[in-house]
Each structure stands twice: as C-alpha cells, then as structure tokens.
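Listed below, chain by chain, are the residues.
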Amino acid sequence: MSCDRVSEALNAWLDGEVGLLAAARIRRHLRRCAACAEYARAAQAISRAARSWRGEGPPRALESRMAAALDSAPAALLDQAEALFAGTPSPVRPAARPRGRRLAAMAGIVAAGAAAATAVVFLTPPAPEGSSRTPPQVAAALPAPSIASASLPETASGGREEHPDASGDPQPQHRSAQRWVRPTLGGYSRAKTPPLEDTAYLDGRDSDLRQFWVDAGRGAAGLIGEIERQLITPKDDFVRLPAPRLADSAAGGAALKDAVDQYNREASVVDTRLSRRVTLQLKAASLEELCAALQVQAAVRLHAGRGVADEKVTVLVKDLPARDVMRGVARLFGYYWGRNGEGGSYSYELVQDLRSRLVEEELRNSDANAALLALDAEMERYRPLLGLTPEQLRSRVAAASGPEKARLQGLLEHGGWGGLQAYSRLSPAERLALRSGEEIRFSLDAENPDRRLPAVWKRPLLQSWNQKVSLGTTNGELFWNGTTPVADVPGAVPVVTLRMNRSEAGQLNLQAGLNVTIQASEMEWKSRGTAMSLAVGRSPSVAKPDNGAANAALKGRPPFNRVISLAPKPAYRTRADYEAGRDKDFTGVTSAEVWEALHHESGLNVIADFYTRLHPHTAFRMERVSLFDALCRAGETLGVRWKKDGDALLCRSTGYFWDKVKEVPKRQLVRWQQAARPPDGLPLQDLLEMGMLSDAQLDSLVVAEGVVYGWGIEEYALVTPPGRLRSQVRFVAALAPEQRRKLFSPEALLFGDLNFAQQQEFLRMNPWVHDPNLQLRPELLAQTRLNALYAPAGVYWWAPRDPNGSLQVRDVMLTDRSAEKLLEAARRIDAAAGPHQIQRSEGDLLLHGRIGDLLKFGRSRTHAFVNLIGPR
Amino acid sequence: VETSLHRRPDSFEALYREHGERIYRFCHRLCRHRADAEDLTQEVFILAYRGLAGFDARSSLATWLYRIAYRRWQRFRSSGSVDTVALDEGLDAPSPDLSAARLDRIALDDALAQLSEPLREAFILVKAEGLKYREAAEVLGVPQGTVQSRVHAAVTELRALLDPNRGEIWPRRPARTRPACLKEAVDEL
C-alpha cells in the first residue's frame, strides 16, 4: 500500500470506517513508514482535541426561551418548515434573546429605568383634562422594551407584541424592533405620534421625554417663567442685562415688582453713542484688539472678557455703526455684550456665558463621537484579516490593488500588523485611554500583563517591518541601511504602540507604531521605529460648508451678482517657501487675506473668525466671477460658512469649536516672534512657555505650520509633532530656578535633587531605565547627573564626529552666534574640526545625562541615545 | 419499525432534550459565536418541530436535524451576518478553565477558522460530532468520498497549522507545546 493511499484512508481508519483487511494493510504500512506513522499520530491527536469539544452544552435558558418563541411563532414558520426541504425556504427571524452580558446589563438598566419611571410618575402633577389615564395607569400601560421582555417577562404588562414588517407579514418581535410610544405631558398617545426608538429613549435625545421625566414638577419653574414673561427684550438686542436678583417669598411682592421694573427700564435704554460710524481694517486681530480699536472710534469703553480676549477675528468694515459691529461679533461667536455702569457712561464687556461654552463642548463631543464611529467602521474592514497568517496576508497583498494594496502593504511593511492585532484586543479602559489621547504601549516584558506582548508574537512583529540593518557597525546611518532584516537579528526587541491622533479638526487618525531595539555592540543599543495610519475617521465638521445651497436666495441679487476678480495678497511664508529657500515673495495666505481681497473688490463689510491655517494664494485666484460664486468657492476652500447679516457678511469656520482650542494667542506669537530675532534667537524662557501650552494646541500640525513657517518661530517645532521634545521641555519648565541653573551648567542636576514628581517624570521620559537587562538599582539611579544644552534657531552649533565622520552628539555640543568663533572653540576639542561641521540650528534642546560610570543617555530634536560607558 | 434513532419525539421538550445539546454544539462550532449559535439552534428546533410530520425516517433524526442546521447555517452565512468573534468567548467567564485540553481546543479552534468552509464543516461533522462519513455526506449533500477527502485535507492542513515549529502562523491562541507563552496569550484574552 502506497503512502498516498494510506494517508487518504488513514482518517477513515482512525474513525473506524475501513474494513478489516484495509485496516490490517494500514497498520502494516504504519509499522514500516515513519512519515505516515507520524501523520497518523498527529491526526489522532487532532481527533482527540476535536472530540474534547463535546462537553459544551446550550445555556439552560435557551429551552424555555425557545418554547416561548415556539408559542408565539407565526403560522408562516410552518410554511418555511415545509419548504425547507423543498429548497425554497423564506427568511425567519429568531425570537429575541439576550446577547451576552452586555445585553443582560442593558436589560438590567431598562428594568431599573422602568422602576425609576414608575416612581417619577407618582411625583408628577395630575394629568391635564382630556387625558384618560392617571400617571400610575400610564406607567402600567407602558409597553416594556423588548430587551426587558426577553429576560424579565414579568415586568412587561403589555407582553410581546408583533409588528407587521414592510411586507405586511407579522414578524416575531426582535430585540431592536420594539419601540416606545412618544409620550406627551400627562399621558402617552399611541395613535397621534410616531413611535420612538428604544435608543432615543435611552440616550435622552427626545426632548419631550426628557421634559416629561425630568423637568416637570419643579415648583420654582412656574414662578421663574412668570417673571421672565414680564421682562422685555433689551432695545440694544446684542446686550444682555443681569437678571433681576432678589429674595422674596411672596410671588407678587413689591420687591419683585420693583426689580422687574428696574430691569425693564434698563432694557429700554438705547445707547446713542453706539450709532457712531466706524471703519475698521483688522486682520487676525484678537477680540481685545478689536475692542481697543472700536473704543477709539466709538468713544465708548469696551473690552473683551478674559475668557474670550484671545479669540481672533477679522473685521473689515467701512462706515458701519459701532452697534452693528458689536452685534455682528456677538452673533458670530455666540457671545454677548454685558453692559455696566450708569446711563450716559455705560461700558461694555464681551463675554461668553456658560451655556455657550457647554454648547461648544457638546459640539466637540458629538463631533468626536461621529469621527470615532467613522474610525471604528474603518477598522472593521480589517476584521477579516485578524486571523490570517503572514503568508495569507501576503497573498492578499499580491492579489490586491490600488489603495487596498497600500493599506495591506502597510500592515506587512510598516509595522501596522502588530498595531492591528493590539487594537483588536484592547480592553474598554484602554480604548478610553486611547480616545483621550494616551499612547498605548505593548512590549514583551511589560509589567502590566494587559500590555505584554505574547512571546510568540515577536517574530511576526519583526517580520511586519521591512527595515534592514547592518550588524557590526555602530554608525547609525550605516547601521540602519544594511541588508539583514530586523526579523533575522537575534535579540531584536519589538514594541508596539497605538495612538489616536486628533490633531486636526473633526478628524481622528489611529496610528500604529512599531519600535525595534537592537544591541549594536556590547556598549550600544540602536532603536528605530516606523508607524502607519491604520484608519482615519472624519466627522461632519470637516464636511464642505455648501454655502451655495445655504445662501441660494442671495444668488443673482445685488451686490452678489456683481462680477469681480480675486487675488489675495500673500503675506505668509509657507512650508513650500521654506523648503524652496525663499526669503521673500512668499505664497501663503490665511482667511484674513482672502476676506480682505473680497472686501476690497466688493466693498462688502466682513466680520469673520480667524484660525491659523495657511493656504497657497493661488487657491483663491479668480477671474471675473460673480461675488456669490467667489464667496462660495472661497468658503469651500477655507472651510467657512458665510451668511449675510444686516450690512455685514458673517463668516464662521465649520469646525470652529475645534479650531478655537488649538489656536495660539496672538500676544504670545507676537512676543515670541520679536524675541526670536537674530542673533540671539528665542530665549529659553520662551521655549519653556511654548511647552506649557495645552496638548490640544501643540498637537495641531496646521497651527504648527502657521507658527513655524508663517510666523517664523522655528523653535515651536520642538514641542509639536513630530518633534519629540515636548516632555523634555515641560520637564525643564517645571524645574525650580536653582535646579534649572544646575541643569544648564557643568555642575549638573542630580537625580536626588529632583522632587518626587520630577523624578517620576524623568522615569516616564526614559522608560529604558526599567529594562531588566540594565538592572538599574535605585542607588545607581540616584547617581544620575543631568545636563541640558539649548541652541535656538539661527545659532551655530558643533558636536564631535566619530572616525567615519558620523555625528556624535553626546555630552559635548558647542553653540555660538558666530560660526567663526564656534570653529575656533571646536578645534580646541578636535583639531580636525572643519567649517563643514558647523551647522546652523533650527532650534534644538539636548537633555542628556549619565548614570554613574555605567550609562550615557540623551535626547535632542534629531538624536536619541542610550549607551554603556563602562564595564557593567 | 421505528428505532430510537428514527423515532419521532412526542413533544418539543422531548425533541430538544434529546438533540438540543448536539445541535447547539454543532451550531456553536459553525458560528463561533454563542449568541448566534443560540439563534441558529432556536431556528432549527422551531423549524424541525413544525416540520416533524415531514420527517420520513430514512435517516436518523439527529442527521435530519444536522441537515436543517447546516442549511440554516448556509443561509445565515450567505446573509453576511456572520460574526467573527472567537469560539472561546467564554474564557472571560469568572472561572476560566485553563487546562491543557481546553488550550488545545482553543488552538484547534483558531486553526479551524483558517480552513475553507467545506473542509471545516466536514471536519466538524466527522471528527467533532462523530458522524459517520455516510451521515456527514447526507448532511452536507455531497458524496461520501468527497467527505472523506475533505476530512483528510482538513486534518492535513490542521496538522500544518498546529505545528509548533512552523513559526509563521499568527498565534492568536497558544498551542500546548509552547508552555512559556500560554499564560501570556491567555492573559491577552
């Protein structure tokens, strides 16, 4: 019997399905053939494992649920059963069943909600006339949600209901098919209002429901409402007056009447001074600057509240009443002007109330959620790939084309595979952390078991990056340009990171990183990483503003039918200018230049918000187009919605609620720009101030491009992505003056001089100290000496080179404003130092140190190193 | 004469009590998701009970039920509503069974998931459910020889997939021969 025939019959033999003669032949063959015997052993083991599955049974509740479903199953099922073997079955939906613990929990919530609802009903006032049910009866008549009815049938007085489907056939009630009936105050109406989805009930979206359960029955509400009805709207409608404040238990008391009368007197005042006409040409000005300019021309005291003073605005108006400017600004931002003082000498303050702030917060939340959902949907596309072997994945890559091919290639060539696997295994807490901007790091030796990569992942992870190295050299450039795949390097250690980047408005970018550390020599480790964007989720706020449809009524009407040509004047250097080495004739514009050109061409008064975003001026060049079309096209490119309001055009960014938290105040930009002028460059203190901006500000690459290139503040790149020095800058900023002095002097700052929080921060910045191979004992760590060097942009710097010319930034880095003096100083250290080694800094901070005689470490804008310096 | 295998049960309860476990188990292995398996099982028994009169006793009742389950599964799968959650979702239960046998099963489950559907179905019916090749052929609606060759192909592929020295398989679940990594992988769950 040949091996082929035996192997085919082997499984049947193992399953007892061959005749005696065949069985004897197989046994004889197995005694002679080691390969087939091995196969038989493996097949037997697999069969054993498969049989071990047999212990699992259905949940006990299934039988009773099925019996209930059987009772309520429609007669159509019978037809299906009969048709089943005829091959023409029609779809049938199962009866509701709880889906794991999640639904069980939801059922609990609903049950609890039902109990709570009943309690509330008893507290609500009696139903108005016309309602046939008293509140308790209403609760009793509520149809229980399907989830509850599935697992808690005793709570459902209405029992299970069958709803006809689109075809009119009755369908068994499914878990998502059950609907609440929209309530009205005092009762529920099944017939008059459309049904409400369970989810809308649960998440409080329905205002009627919310009002019914939450708002009704508050005793003071009626009185407050009565008072509000007596207050008149201020004649200056952009002004908000403080509401009457009094304490009087009698609703109709004299004090109350006086307060209302006083408010109404104030409200009826019209400040005639605000009728003065003003002409303003403010581009990207802060609201504080606007108030100052307006104050001069209107001769009225104005100022912006602290919370809004740094907001930026473009106001281009000619001969417009100050009142209209104030109204336009208030409407544009959703703020209000508070009036203080006495008649004839009122002063005004622009403020944002809590309600407006909460609305913005809500917009950000809902926008972020929409982006998150979009991102999750994007990640779902990877789900079929999760269980694939690398070979299978590679074959998919070979078969794919276009963007799909690039996406799959990223998984295998840029380390995305590990991130994908890690993302699919995130716990709810980790997902939350990821969503809040935290970087989730997985390694083979992580102390937290949840963050520990299984050892068997190691090779596949390394295989998922096409990086090759050259072993036997410590020169970084040569090392990372070798021929040996990292997967073949013994001792290579992978680390997987996940980070959700929300740097830009309404957009989430899930980035997977793979970092590999390799011991290049006995004394030196090399580390390098790769990253890829796994998925991008975009929210509605980045959608096009569609101004054409929103302002269709204005099309063809004067002045929007006027034909104009648009050519905004470039005012900012862009990245392209920087890379092209252009020192003048820049090409960048912001929205301010665009509105300025439009205002100049059309005479239209413009009040627009301003957020730092550079555009090429060519994007707005238009020849002989109607003003309407020009506005629409400019709005689309800028991401701005515009609206005619009186004699002015109001222009608002679609993602303003994101943009405003990312914007850097103009007062700081102006100060940094002035301080950064040559030859000294930006002082360290200003760099530290940058580091103290919020993460939301520093994470925005769009704003960073505007600051670095547009404003020419190169050091800003140190604290924004992809610069990796934000933590270091913040660490230095948090030091006391004496600590900082030591840090920047040869004296050095000792680890022991740091307070507990600073020590923790140092350890967080240098996770390698936890490497078990280093065995860094606390007493050794206490010998750490820290130093820092700061080279502002424009300053020249020099560091020693190794014998093959490679840069060796270690604890020696010389800086000087003069290239000649620096060269002299460099030659005192290394006689071979030449002019070609003198480099102009783009702004750098080197935070470095040594731990006893064991280690040297450091990080700068371009280098990161950890090296042994002596015997261990 | 009706044998016990071919006898019609008197009630729905009797039908379910006698065959519920094996059909549920079969559905669970096909769906790899507990909740979906419950749905599928429910459908099978409702359809079977309603159509019991049409059972002609030419095959065993169990085979008949398997056949219904298999057909419903095919419909379920083609509807695109198949979940890909792993069979071992029960591992996050309060007292996970980390015995070697269970881990072997977990590894096998992962490997099975990588097989083509025809091979997987044939393997489950014959090796896990213990059906004869003839019965499996009846359930699947293919010749017996086809079942035999599919089982053989499935075992051959599984053998390769479960080979601990192979290395390039993505080991979502550990194999018993890698004790050092077992706990880590289970922790991952």
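See the structure above.
Residues numbered from 1 in each chain as written. Chains lettered and ligands numbered in written order. Predicted model: local features only at pLDDT ≥ 70, side-chain atom pairs only at ≥ 80, totals over all residues. Heavy atoms only, no water.

Chemist: Help me understand the overall build of chain A, please; the structure alone is not making it clear to me.
Modeler: Summing up its helical and strand segments, chain A has 35 helices and 33 strands in all. For chain A, the proportion of its 872 residues judged to be buried stands at 48%. When contacts within chain A are restricted to residue pairs at least 6 apart in sequence, long-range pairs at least 24 apart make up 64% of them. Accessible area of chain A: about 42,900 Å², with a carbon and sulfur share of 52%. (Helix = DSSP H or I, 4+ residues; strand = E, 2+ residues; numbered from the N terminus. Buried < 20%, exposed > 50% of the residue type's maximum accessible area, 1.4 Å probe, protein only. Contact = heavy atoms within 4.5 Å. Areas by Shrake-Rupley, 256 points an atom, 1.4 Å probe, with all protein chains shown as cover.)

Chemist: What is the right way to read the overall build of chain B from this model?
Modeler: Tallying secondary structure elements over chain B gives eight helices and zero strands in all. Of the regular secondary structure in chain B, the N- to C-terminal order runs α-α-α-α-α-α-α-α. Burial status across chain B gives 55% buried among its 189 residues. Intrachain contacts of chain B at a sequence separation of at least 6 include 64% that bridge at least 24 residues. A total of about 7,700 Å² of accessible surface is found on chain B, and carbon and sulfur atoms cover 48% of it.

Chemist: Explain the pattern of salt bridges to me, please; I cannot follow it from the model alone.
Modeler: It is possible for side chains of opposite charge to pair when their charged atoms get near one another. Residue and element names in this part refer to chain A. Summed over the entire model, instances satisfying the criterion amount to 43 salt bridges over all chains. For R331, the salt bridge is made with D237, and the minimal N-O distance between the two is 3.7 Å. Placement of the pair is R331 in helix α14 (residues 322-333) and D237 in the loop between α11 (219-230) and β7 (239-240), with a sequence separation of 94 residues. The exposure class of D237 is partly exposed, given its relative accessible area of 40%. Among the ionic pairs, D695 bridges to R726, the shortest N-O distance being 2.9 Å. With D695 in helix α29 (residues 695-699) and R726 in helix α31 (residues 726-733), this residue pair connects regions lying 31 residues apart in the sequence. Among the residues examined, D695 registers a relative accessible area of 39% and is labelled partly exposed. The buried category is assigned to R726, whose relative accessible area is 13%. (Salt bridge = Lys/Arg side-chain N within 4 Å of Asp/Glu carboxyl O.)

Chemist: Can you help me understand the nonpolar core in this one?
Modeler: Looking at soluble globular proteins, one finds that nonpolar side chains tend to be buried together. Core analysis: the biggest nonpolar cluster contains 66 residues, and L65 and V147 of chain B have the highest contact counts within it. Counting residues per element, this core draws most heavily on helix α3 (residues 61-78) of chain B, at ten residues. Not counting residues within four places of it along the chain, the set of residues in contact with V147 of chain B comprises A122, V126, Y133, A136, A137, L140 and V142 of chain B. Grouped together as the second largest cluster of nonpolar side chains are 53 residues, Y572, L669, L682 and W768 of chain A included. (Core = buried A, V, L, I, M, F, W, Y, C linked by side-chain atoms within 4.5 Å.)

Chemist: Even after reading the chapter, I still don't get the sheet that holds strand β12 (residues 347-351) of chain A, so can you show me in this structure?
Modeler: Paired through their backbone hydrogen bonds, the strands of a sheet run either parallel or antiparallel. Residue and element names in this part refer to chain A. A sheet is described by the order of its strands in space; here four strands give the open sequence β7-β11-β12-β9, paired in mixed fashion. Of all strands in the sheet, those with a lone pairing partner are β7 and β9 (301-304), marking the two edges. As paired strands, strand β11 (residues 336-340) and β12 are joined by five bridges and run antiparallel to one another. Note on β12: the bridge partner recorded for W337 is L350. (Pairing = 2+ DSSP bridges.)

Chemist: Just checking my understanding: could you explain the state of the cysteines for this structure?
Modeler: Here a disulfide denotes one covalent bond, and it connects the sulfur atoms of two cysteines. Residue and element names in this part refer to chain A. Using the criterion set out here, one finds zero disulfides over all chains in the structure. In this model C36 remains outside any disulfide bridge; the closest cysteine sulfur is found in C33, 3.6 Å from its own. Assessed through its relative accessible area of 6%, C36 is described here as buried. (Disulfide = S-S within 2.5 Å.)

Chemist: Whenever I open this one, a positive patch on the surface confuses me. Can you help?
Modeler: Residue and element names in this part refer to chain A. A cluster of basic side chains, namely R5, R25, R27, R28, R31 and R32, defines a positive patch on the protein surface. With five residues, the single largest contributor to the positive patch is helix α2 (residues 20-32). Its location among the elements puts R31 in helix α2. Residue R31 is classed as exposed on the basis of its relative accessible area, which comes to 68%. (Patch = residues over 30% accessible without salt bridge, like charges linked within 9 Å, V, L, I, M, F, W, Y side chains within 5 Å. Lys, Arg positive; Asp, Glu negative; His and termini not counted. Charge placed at Lys NZ, Arg CZ, Asp CG, Glu CD.)

Chemist: Quick question: what am I supposed to make of the sheet that holds strand β29 (residues 814-816) of chain A here?
Modeler: Residue and element names in this part refer to chain A. Taken in spatial order, the three strands line up as β29-β28-β30 in an open sheet, and their pairing is antiparallel. In this open sheet, the two edge strands, each paired with only one partner strand, are β29 and β30 (839-840). Inspection of the sheet shows strand β28 (residues 796-798) paired to β29 by three bridges, in the antiparallel sense. Bridging from a neighbouring strand, W797 pairs with T815 of β29. Strands β28 and β29 of the sheet are contacted by helix α35 (residues 819-829), whose axis makes an angle of about 160 degrees with β29. (Axes fitted to C-alpha atoms, helices over the stretch in contact; angles between N-to-C directions.)

Chemist: I would appreciate a short explanation of the packing of aromatic side chains in the present structure.
Modeler: What describes a pair of aromatic rings is the distance from one ring centre to the other and the angle between the planes of the rings. All names here are of chain A. Counted according to the given criterion, the structure contains eleven aromatic pairs over all chains. Ring centres 5.4 Å apart and planes at 80 degrees place the aromatic pair Y656 and F657 in the edge-to-face group. As far as burial versus exposure is concerned, Y656 and F657 are alike and both buried. Judged by centre distance (5.5 Å) and plane angle (65 degrees), the ring pair of F751 and F762 falls under edge-to-face. Of this pair, F751 sits in the loop between β26 (749-750) and α33 (756-765) while F762 sits in helix α33, placing them eleven residues apart in sequence. Of the residues examined, F762 reaches a relative accessible area of 1% and is grouped as buried. Here the aromatic residues F560, F628 and W642 are joined through ring pairs into a cluster of three or more. (Phe/Tyr/Trp six-rings, centres within 6.5 Å; stacked < 30°, edge-to-face > 60°.)

Chemist: Would you mind showing me how to read the packing of helix α1 (residues 12-31) of chain B against helix α5 (residues 117-128) of chain B here?
Modeler: The angle between the axes and the distance between the axes are what describe a pair of packed helices. All names here are of chain B. Interaxial distance between α1 and α5 falls to 11 Å at its minimum, and their mutual angle equals 150 degrees. The orientation of α1 relative to α5 falls into the category roughly antiparallel. Considering only the axes of α1 and α5, their crossing is right-handed. Residue-level inspection shows F26, R29 and L30 of α1 in contact with α5, the latter providing R120, E121, I124, L125 and A128. Its residues assigned to classes, the contact of α1 with α5 comprises five nonpolar, no polar and three charged. (Parallel < 35°, antiparallel > 145°, perpendicular 65-115°, else oblique. Left-handed = near helix turned anticlockwise from the far one by under 90°. Nonpolar A, V, L, I, M, F, W, Y, C, P; charged D, E, K, R; others polar.)

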